[in-house]
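This is what each chain is made of:
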Amino acid sequence: MAPEDSPLVTIVIPCYNYGKYVNASIDSLLNSTFQDIEIIVVDDGSTDEQTIEILDQLNRPKTRLIRQENQGLPAVRNRAIGEAKGKYIISLDPGDKIHPTFMEKAFWIMEVYPIIGFVSSGLRAVGTENWEFIPGPYNFYTELHQNIVCGHAMFRKQGWEDVGGYKKMHVMGYEDWNFWISLGESGWIGYLIPEILFSYLRVGKSMVHNAIDNHNLLLNQIKEFHPELYKPQKLAELKEKWKQSYDLAPNLKHPSLIEDLNSYIVKPIPKHKNRVLFILPWIKEKALESEVIHFMKKLNKQDTEITIVTTMDIKDSEFEQFNELTTDIFQMTSYFPHFYRDNIFFKQLLLKLITSRGIDTIYINNSYEGFQELYFIKKHFPYIPIKNLYPWLDNNSSWDYVRVSIENDKYIDEHIVTKQVKEILINVIGDKSKLITN
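Residues numbered from 1 in each chain as written. Predicted model: local features only at pLDDT ≥ 70, side-chain atom pairs only at ≥ 80, totals over all residues. Heavy atoms only, no water.

S.K.: Please explain the overall build of the protein chain as it appears in this structure.
M.R.: For the protein chain, the helix and strand inventory stands at 19 helices and 16 strands. Burial statistics for the protein chain: of 438 residues in total, 55% are counted as buried. Restricting the contact set of the protein chain to residue pairs at least 6 apart, pairs at least 24 apart contribute 77%. Working note: accessible area of the protein chain is about 19,800 Å², and carbon and sulfur atoms make up 50% of it. (Helix = DSSP H or I, 4+ residues; strand = E, 2+ residues; numbered from the N terminus. Buried < 20%, exposed > 50% of the residue type's maximum accessible area, 1.4 Å probe, protein only. Contact = heavy atoms within 4.5 Å. Areas by Shrake-Rupley, 256 points an atom, 1.4 Å probe, with all protein chains shown as cover.)

Structure follows, in structure tokens:
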């Protein structure tokens, strides 16, 4: 566990006359699963009386206030980041909120892949606007022409130092975009999580609208900051280079990597609730058996906290729909492209989730990768029951999870199955009491 005076992540909240939204942003941060943080609110010379009063009374955990004369957004961010203790930085505007798992996911990605300098995600606009953005894979050539990185992205303080911080622009609004381009130019790669993990508050006409109105002027300013990148020959080279998917090299040789990945502080666990972990192939209602969905919903009504890990790469996952059941969802292939090659990350994620969430019971449903780790789980947590949930029956393919269940029976404490599957297992499972129809 990191000392309180050495947080891993610093969140900066610049505030100019939007004090009434500051506490909502802080609430979302304090509700995050990742709690190895400090929060710095910077009052940039606010003149609004309500804002001044709210900031005068600001007394929140892990939070400190800096006050200064009005200097504008880039200067505010640069000052706060200069004073930040965190290895990683996030900048939020008042009223913006992050999903409870965003920081934990972004932290894992940047710890595992040292070439990644910033991690962003999808977002949902709320307030006077209502729209969503879910990104595809990061592409630096695309970023030069269209900003595909959200302002809430987590980035390395080292990267901020490398590029000299945020630059002041003649018309405010594209400072974030220019910053992401600067990081890319200096050699850092971005990573975009294809999940909506950010709530973006839009209230009337804002600085962003002003920037859109002055798009051509601001884009020309960006080109002036990066003249080499926008030369025709360089653009052609980058276009060709980024046609290929880049290969991320995981930091497998770092001796303290595993210790670092498991040492961060998480949100305290409610002691009165039962905690369960589901290991699933995916989160897509039509692809999961109705019995599994019903079983999960039933548990959710019984004062049970649910964590979900998925192990298969599938497009159009229903992450948003399952957020109604639990926000503690980890789609492994969305964060680790090397997942199938380097299952050390899966092992460590399972260790962290089981210990930090205080898991009482583990359910597995038709996840081949999950079955492969049952020995590992039982070795480290022999006291936690593992329950096999509604395995698929398909005698003519490798997807026959009844067969896989039989092969892994010695690690399984209970098989919750249909009557048809029970008739098959009853002849091969030694302990008949392990077979439950539900």
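S.K.: What exactly am I supposed to notice about the packing of helix α4 (residues 102–112) against helix α15 (residues 344–357) here?
M.R.: When two helices pack together, their arrangement is given by the angle between the helix axes and by the axis-to-axis distance. Closest axis-to-axis distance for the α4/α15 pair is 13 Å, and the angle between their directions is 145°. Both α4 and α15 take part in a crossing whose hand is right-handed. Residues Glu104, Trp108 and Val112 of α4 lie in contact with α15, whose contacting residues are Phe345, Gln348, Leu349, Lys352 and Arg357. Along the lines of polarity and charge, the residues of the contact of α4 with α15 split into 4 nonpolar, 1 polar and 3 charged. (Axes fitted to C-alpha atoms, helices over the stretch in contact; angles between N-to-C directions. Left-handed = near helix turned anticlockwise from the far one by under 90°. Nonpolar A, V, L, I, M, F, W, Y, C, P; charged D, E, K, R; others polar.)

S.K.: I tried to follow the nonpolar core on my own but got confused; where do I start?
M.R.: Soluble globular proteins tend to bury their nonpolar side chains together. Formed by 90 residues in total, the largest nonpolar core has its most connected members in Val9, Ile11, Met103 and Phe278. Among the elements that take part in this core, α4 stands out by supplying 8 residues, more than any other. Not counting residues within four places of it along the chain, the set of residues in contact with Val9 comprises Phe34, Asp36, Ile37, Glu38, Gly86, Tyr88, Ile90, Met103 and Met154. Judged by nonpolar contacts, the second largest core, of 38 residues, contains Val163, Leu183, Ile189 and Leu192. (Core = buried A, V, L, I, M, F, W, Y, C linked by side-chain atoms within 4.5 Å.)

S.K.: When you look at helix α2 (residues 49–56) in this model, what are you seeing that I'm missing?
M.R.: Count 3.6 residues to each turn of an α-helix, and residues three or four apart come out pointing the same way. The set of residues buried in α2 consists of Thr51, Ile54 and Leu55. Taken down its axis, α2 places every buried residue within 95° of arc, on the same side. Looking at α2, the residues exposed on the side facing more than 90 degrees away from the buried face are Glu49 and Asp56. On its buried face, α2 sits against β1 (9–15), α1 (22–30), β2 (37–44) and β3 (63–68). (Arc of directions from axis to C-beta.)

S.K.: Help me understand the packing of helix α7 (residues 175–185) against helix α9 (residues 215–225) in this model?
M.R.: Running from N to C, α7 and α9 point in directions that differ by 25°, and their axes come no closer than 10 Å. When the axis of α7 is compared with that of α9, the two are roughly parallel. Relative to α9, α7 is oriented so that their crossing is right-handed. Here α7 contributes Trp177, Asn178 and Ile181 to the contact with α9, which in turn contributes His215, Leu219, Ile222 and Phe225. Looking at the contact of α7 with α9, its residues break down into 5 nonpolar, 2 polar and no charged. (Parallel < 35°, antiparallel > 145°, perpendicular 65-115°, else oblique.)

S.K.: Looking at this structure, how should I read the pairing of strand β10 (residues 274–280)?
M.R.: Taken across its 7 residues, β10 has 6 buried, putting it largely inside the fold. Pairing of β10 with strand β11 (residues 304–310), which is carried by 7 bridges, proceeds in the parallel orientation. Paired with Val276 across the bridge in β11 is Ile306. A crossover connection joins β10 to the parallel β11 through helix α12 (residues 290–300); in handedness this β-α-β unit is right-handed. When β10 meets strand β13 (residues 361–364), the two strands line up parallel, connected through 4 bridges. (Pairing = 2+ DSSP bridges. Right-handed = clockwise from strand over helix to strand, strands pointing away.)

S.K.: Would you mind going over the environment of Phe179 with me for this structure?
M.R.: With respect to the secondary-structure elements, Phe179 resides in helix α7. Residue Phe179 is classed as buried on the basis of its relative accessible area, which comes to 1%. Not counting residues within four places of it along the chain, the set of residues in contact with Phe179 comprises Phe155, Trp160, Val163, Gly165 and Tyr166.

S.K.: Would you explain the side chain of Asp409 in this entry?
M.R.: Here Asp409 shows up in the loop between α18 (401–407) and β15 (414–417). Overall, the relative accessible area of 15% leaves Asp409 in the buried class. A distance of 2.9 Å separates the side chain of Asp409 from the side chain of Lys434, its partner in a polar contact. When neighbours within four sequence positions are excluded, Asp409 is seen to be in contact with His415, Ile429 and Lys434. (Polar contact = N/O pair within 3.5 Å; in protein donor to acceptor, adjacent residues only side chain to side chain.)

S.K.: Would you mind going over unusual backbone geometry with me for this structure?
M.R.: Excluding glycine, a negative phi dihedral is what most residues carry, and trans is how most peptide bonds are arranged. Of note, the phi angle at Lys62 is positive, near 65°, even though the residue is not glycine. Here Lys62 lies in the loop between α2 and β3. Although it is not a glycine, Asp303 adopts a positive phi angle of roughly 55°. Note on placement: Asp303 falls in the loop between α12 and β11. For Asp303, a relative accessible area of 39% translates into the label partly exposed.

S.K.: What am I meant to see in the sheet that holds β10 here?
M.R.: In a beta sheet, neighbouring strands are held together by backbone hydrogen bonds and run either parallel or antiparallel to one another. Read across the open sheet, the 7 strands follow the order β12-β11-β10-β13-β14-β15-β16; overall the sheet is parallel. Edge positions in the sheet fall to β12 (329–331) and β16 (435–437), since each of these pairs with one other strand and no more. Neighbouring strand axes in the sheet, compared pairwise and without regard to direction, differ in orientation by 20° on average. Pairing of β13 with strand β14 (residues 386–389), which is carried by 3 bridges, proceeds in the parallel orientation.

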